[in-house]
Amino acid sequence: MKPEVKDLVEDAERLVKRAIEEMEVDLRDAAEKAWAATLQATNALILERTGKMPERTPETSVELHRLCAEEPEVEGMKLVERYHTRSDYLHGQCFYMGICIPTEAVKRRIRETREYVEDVKKLVS
């Protein structure tokens, strides 16, 4: 694993850990940390596969869709669907709009972010 990829994965792991710890204190901020972990992990995967770091979030989305179309293993992990759930629900709806309901669904998505990061780690190791 390239050092830059390793740094992104480690940052994603730190962020998701903090998100889970913070869920009961500030759900909105925890949702944003989970989204940031998702973005860092996804960028790590893209950097590992393409050698290029996406400059903006839309590029991350496009590249992830491309990887899923080209790599059955990436597609099989349903990373696109999981990525967009975090982007739309955690980042857009909960963090930006402040609509963090139903609470248990938001918490579940935050916890599931750990699995997303772990799946990316398998792909970049």
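Note that the structure is predicted; figures quoted are calculated from it, not measured.

> How should the packing of aromatic side chains be read in this particular structure?
Both the distance between ring centres and the angle between the ring planes are used here to describe each pair of aromatic rings. One pass over the structure, following the stated rule, counts two aromatic pairs. Here phenylalanine 95 and tyrosine 96 contribute two aromatic rings whose centre-to-centre distance is 5.2 Å and whose plane-to-plane angle is 80°, an arrangement assigned as edge-to-face.

> Can you help me understand the side chain of threonine 113 in this one?
Looking at the element boundaries, threonine 113 is found in helix α6 (residues 103-124). Classification of threonine 113 by relative accessible area gives buried; the value is 0%. Dropping the residues within four chain positions of it, threonine 113 is found in contact with Val16, Ala34, Ala37, Thr38, Arg86 and Leu90.

> For this particular structure, what's the right way to read the packing of helix α1 (residues 3-22) against helix α2 (residues 27-50)?
The description of two packed helices rests on the angle between their axes and on the distance between the axes. Running from amino to carboxyl end, α1 crosses α2 at an angle of 160°, the nearest separation of the two axes being 8 Å. Considering their axes alone, α1 and α2 lie roughly antiparallel with respect to each other. You can see that α1 and α2 cross each other, and the crossing is left-handed. Classifying every residue of the contact of α1 with α2 by side-chain character gives 15 nonpolar, two polar and seven charged.

> Just to check I follow, could you spell out the packing of α2 against helix α3 (residues 57-70) for this structure?
Remark: α2 packs on α3, axes separated minimally by 10 Å, with the N-to-C direction vectors making an angle of 55°. Comparing the axis directions of α2 and α3 gives the class oblique. Here α2 runs over α3; the crossing is left-handed. Between α2 and α3, the contacting residues are Trp35, Leu39, Thr42, Asn43, Leu45, Ile46, Arg49 and Thr50 on the first element and Thr57, Thr60, Glu63, Leu64, Arg66 and Leu67 on the second. Within the contact of α2 with α3, the residues separate by chemical class into six nonpolar, five polar and three charged.

What counts, and at which threshold
Residues numbered from 1 in each chain as written. Predicted model: local features only at pLDDT ≥ 70, side-chain atom pairs only at ≥ 80, totals over all residues. Heavy atoms only, no water. Phe/Tyr/Trp six-rings, centres within 6.5 Å; stacked < 30°, edge-to-face > 60°. Helix = DSSP H or I, 4+ residues; strand = E, 2+ residues; numbered from the N terminus. Buried < 20%, exposed > 50% of the residue type's maximum accessible area, 1.4 Å probe, protein only. Contact = heavy atoms within 4.5 Å. Axes fitted to C-alpha atoms, helices over the stretch in contact; angles between N-to-C directions. Parallel < 35°, antiparallel > 145°, perpendicular 65-115°, else oblique. Left-handed = near helix turned anticlockwise from the far one by under 90°. Nonpolar A, V, L, I, M, F, W, Y, C, P; charged D, E, K, R; others polar.

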